[in-house]
Amino acid sequence: MTLMQGLVLRCVGNNCLVRLNDGSLCEATVKGNLRLKGIRSTNPVAVGDSVSIKKQDTIYYITSILPRRNYIIRRAANLSKESHILAANIDVVLLFVTLQSPETSFTFVDRFLSTAEAYDVPVVLLFNKMDLYDEAQLFRLKEWEDIYAPLGYPILKISALEKRGLDELYDYIRGKIVLLSGHSGVGKSSLINALLPNMNLRTQEVSVAHGTGMHTTTLSEMHPLDEAKGGGYLIDSPGIKGFGTLEMNKYNTADYFREFFIIGQGCRFNNCTHTNEPGCAVLQALKEGRIAESRYISYLGILGDEDEGKYRLD
């Protein structure tokens, strides 16, 4: 029996593609009793995991997961009490935002950002399809910038199709493990094709009838970036319709909204839920326009998840 370690590049069910520490690749099977303590997940092993492997005869088995630096997790779409780990050990997430074809909502972005805050995952808001924006959409883009830039979220504007803005993008991803996430049809595969032209990933037009993207990625998969440009990895993840939060309740959700956490220090009550309490600094800031109404609506929506035991799609 041979023991070794490696990096998970792809998982389909219990079968994973792993890059071993010596640089070779192997197909490894997850041992049936492998589970993570405290996480009830549909996929105990995720792309980006560092794992221990043993080889018996010609078969490789994943026997344990090494400690994670972080991970991004969401409520599974069809099992409200189950979770799904999108990726682990992430240096930065590029969260795609598009203002048309399809349109990304504030609610989706805020749910993702709050979960990323909870699990200590840095996020860059990546506005793609800039080649399609007219004057009205550029005005709306300014509204987005006015909300998120002051909160410290970097904002990049690109056109993956026309390969515009990629030089600035490289400053954020060079040498890093990068997760690409967002709705279907926002251009994740187009960006990978722009950065890694030999990949030739299939792209899909947006549904004309519904204005939504059609899934082209069905599983998360890690692709190596060009070593000549600094290396690193891109993780392409399946398109997400809605983002269900986990482990958030009325007493801790505000901790994961950056401005709520800071302004909330001035609330009269330490356990203020920022809904109807007297002396609430967050409600006062909302009234004065120092907190965006869209952010507060997203916050209330997450509180509603706990009450309803489910989450709503966009």
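About the cut-offs
- Residues numbered from 1 in each chain as written.
- Predicted model: local features only at pLDDT ≥ 70, side-chain atom pairs only at ≥ 80, totals over all residues.
- Heavy atoms only, no water.
- Helix = DSSP H or I, 4+ residues; strand = E, 2+ residues; numbered from the N terminus.
- Polar contact = N/O pair within 3.5 Å; in protein donor to acceptor, adjacent residues only side chain to side chain.
- pLDDT = per-residue confidence, 0-100.
- Contact = heavy atoms within 4.5 Å.
- Axes fitted to C-alpha atoms, helices over the stretch in contact; angles between N-to-C directions.
- Parallel < 35°, antiparallel > 145°, perpendicular 65-115°, else oblique.
- Left-handed = near helix turned anticlockwise from the far one by under 90°.
- Nonpolar A, V, L, I, M, F, W, Y, C, P; charged D, E, K, R; others polar.
- Disulfide = S-S within 2.5 Å.
- Buried < 20%, exposed > 50% of the residue type's maximum accessible area, 1.4 Å probe, protein only.
- Phe/Tyr/Trp six-rings, centres within 6.5 Å; stacked < 30°, edge-to-face > 60°.
- Lys NZ or Arg CZ within 6 Å of the ring centre and 35° of its normal.

Draft legend 1. How the structure looks around the side chain of Asn252. Residue placement: Asn252 occurs in the loop between strand S13 (233-236) and helix H5 (258-263). For Asn252, the side chain forms a polar contact with the main-chain nitrogen of Asn249, separated by 2.8 Å.

Draft legend 2. Representation of the confidence of the model for the chain in the model. The predicted model of the chain has a mean per-residue pLDDT of 86, with 85% of residues at 70 or higher. Across residues 203-218, where pLDDT falls below 50, the model places 35 contacts with residues more than four positions away in sequence or in other chains. In this model residues 309-314 is a low-confidence stretch, pLDDT under 50, and it forms 22 contacts with partners more than four residues away in sequence or in other chains.

Draft legend 3. Broad picture of the packing of helix H1 (residues 106-118) against helix H2 (residues 135-148). At a closest axis distance of 13 Å, the pairing of H1 and H2 adopts a crossing angle of 25°. The angle between the axes of H1 and H2 places the two elements in the roughly parallel class. Viewed along their axes, H1 and H2 form a crossing whose handedness is right-handed. Contact residues: H1 offers Phe106, Val109, Asp110 and Leu113, while H2 offers Trp144, Ile147 and Tyr148. Class assignment for the residues of the contact of H1 with H2 results in six nonpolar, no polar and one charged.

Draft legend 4. Looking closely at the state of the cysteines. Tallied over the entire structure, the rule returns one disulfide. Between the sulfur of Cys11 and that of Cys16 lies a disulfide, 2.3 Å long from S to S. Judged by the sign of its S-S torsion, about 85°, the cystine formed by Cys11 and Cys16 is right-handed. Residue Cys11 is classed as buried on the basis of its relative accessible area of 16%. Of all cysteine sulfurs in the structure, the one in Cys272 sits closest to Cys267, which takes part in no disulfide; the separation is 3.9 Å. Taking relative accessible area as the criterion, Cys267 reaches 10% and is therefore assigned buried. Cys272 takes part in no disulfide bond, and the closest cysteine sulfur to it belongs to Cys280, at a distance of 3.7 Å.

Draft legend 5. Structural detail: unusual backbone geometry. A positive phi angle, close to 60°, is found at Asp57, a residue other than glycine. With respect to the helices and strands, Asp57 occurs in the loop between strand S4 (50-56) and strand S5 (59-65). Here Asp57 falls in the exposed class, since its relative accessible area comes to 75%. Even without being a glycine, Lys129 presents a positive backbone phi close to 65°. Checked against the element boundaries, Lys129 lands in the loop between strand S9 (123-127) and H2.

Draft legend 6. Spotlight on the packing of aromatic side chains. This structure, assessed with the given rule, holds ten aromatic pairs. Ring geometry for Phe127 and Trp144: centres 5.8 Å apart, planes at 80°, overall edge-to-face. With a gap of 17 residues between them, Phe127 in strand S9 and Trp144 in helix H2 connect regions that are remote in the sequence. Residue Phe127 is classed as buried on the basis of its relative accessible area, which comes to 0%. Among the aromatic residues, those joined into a cluster by ring pairs are Phe106, Phe127, Trp144 and Tyr148. Note that Arg68 overlies the ring of Tyr71, its terminal NZ or CZ placed 5.4 Å from the centroid. It is Arg258 that lies over the ring of Tyr153; its NZ or CZ is 3.9 Å from the centre.

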